[in-house]
Every structure is written in C-alpha cells, then in structure tokens.
Amino acid sequence: HKILVADDSPTVRNVTESLLRKHGHAVLFADDGAKALEVAIAEKPDLIFLDNSLSVLNGGQVLKELKQNKSLKDIPVVMLLSRDEPDKEQRLKQIGADAFITKPFNPGEILDHVGRLLEKERTFPSQDEQKATKDFPGRGDDEGDEKEAEKIAPHIHKGKSEDILDIVETSD
C-alpha cells in the first residue's frame, strides 16, 4: 500500500516511515498542507495520516479538499491531533475524517489504523499458517512489533528523532 504522512514534525515522519516501511508499505511525505494536497492528487495514496496543525493549509482544509475531489474522496484519512484539539474531532468527522490519533502517540496506533482501514479485507491465517510463520520476525509475530514500539515510544514524547533513528537502524 502507498501511504501519505502529512506532518511538519520530523520525529513523526521518521517514526511512521520506519514502521510503515518495515511492514511493506511505500511512504510519501508532505510537511505542509499545500504539499499534502499536491502529493495526494499526484500519487493517489491508499491511506493518509494528516496532521491538523499544518501550515499553508491546515489539516481541516486539506481534508475538506480531499473529500470534495471525486478521485480522492474515498481515501481513508486519519487525523493527527495535538492534546489541546480534542474538541475538533466532531467537526473533522463531519468533513470526512475516518479516524483520529492524539499526539504524542504510541507507534502501534499507526499500525492499528493501517490494519483497520487498509487490510480489513485480509483474512486471518489458519492455525497451520500461524505455526509456520511464528518463528520469522515480521510474519505473524506481533510481539516483536510491540517491543519495537515500546522502545521508540519514549523518544516520541521527548522529540529526539536522532535517538529514534538509531534505535530503528540497530533493531533490524
């Protein structure tokens, strides 16, 4: 799947890129609302993570444009909100937001939304398939993802993107 991450925070972009690429997704980026709209129109991603506090066009404005565009309106959008924006959920839901994540977030939340919004058509593996894949990292082993998310999560709260990259690079 092709996923657009529109956020002005390098930390959020680095963490989401690492997690999504590890799970086989192509990742596109935008650091302001106008670029997010341009990338969405040009690339037609399968899913969009959209920060509500972007510059040029805010997340709500981008969401409205996406949902009014015939070729983009069906793309699921997960809005990224800061702690002081919970009151905006209802308005954004009316515009067409599919889900919400409040920052700072646990990286596992990103994967949860990807699974729910993109991979819902996937069937669960049989018990034989689960046994065959349980010893291979990244294949039927969610415990490894949880441990990686636990290692990265403290750094998101501190905003140390360099530490996140070091952890991600050494954990593979």
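Preceding this paragraph is the structure being described.
Residues numbered from 1 in each chain as written. Predicted model: local features only at pLDDT ≥ 70, side-chain atom pairs only at ≥ 80, totals over all residues. Heavy atoms only, no water.

Undergrad: Tell me what's going on with the packing of helix α1 (residues 10–22) against helix α5 (residues 107–118), and back it up with residues and numbers.
TA: Where α1 meets α5, the axes come as close as 10 Å, and the angle between the chain directions of the two elements is 50°. Between α1 and α5, the interaxial angle falls into the category oblique. The chirality of how α1 crosses α5 is right-handed. Facing V15, T16, L19 and L20 of α1, the residues of α5 in contact are P107, I110, L111 and V114. For the contact of α1 with α5, the per-class residue count stands at 7 nonpolar, 1 polar and no charged. (Axes fitted to C-alpha atoms, helices over the stretch in contact; angles between N-to-C directions. Helix = DSSP H or I, 4+ residues; strand = E, 2+ residues; numbered from the N terminus. Parallel < 35°, antiparallel > 145°, perpendicular 65-115°, else oblique. Left-handed = near helix turned anticlockwise from the far one by under 90°. Contact = heavy atoms within 4.5 Å. Nonpolar A, V, L, I, M, F, W, Y, C, P; charged D, E, K, R; others polar.)

Undergrad: I'd love a proper account of the sheet that holds strand β4 (residues 77–82), names of residues and values included.
TA: Ordered by their spatial adjacency, 5 strands build an open sheet running β2-β1-β3-β4-β5, and the pairing between neighbours is parallel. Each end of this open sheet is capped by a strand with a single partner; those strands are β2 (26–30) and β5 (99–103). The sheet shows a mean angle of 20° between the axes of neighbouring strands, direction not considered. The pairing of strand β3 (residues 47–51) with β4 spans 4 bridges and is parallel. For D51, the partnering residue across the bridge sits in β4 and is L80. The sheet contacts of α5 involve β1 (2–6), β3, β4 and β5, and relative to β5 the element is tilted by about 175°. (Pairing = 2+ DSSP bridges.)

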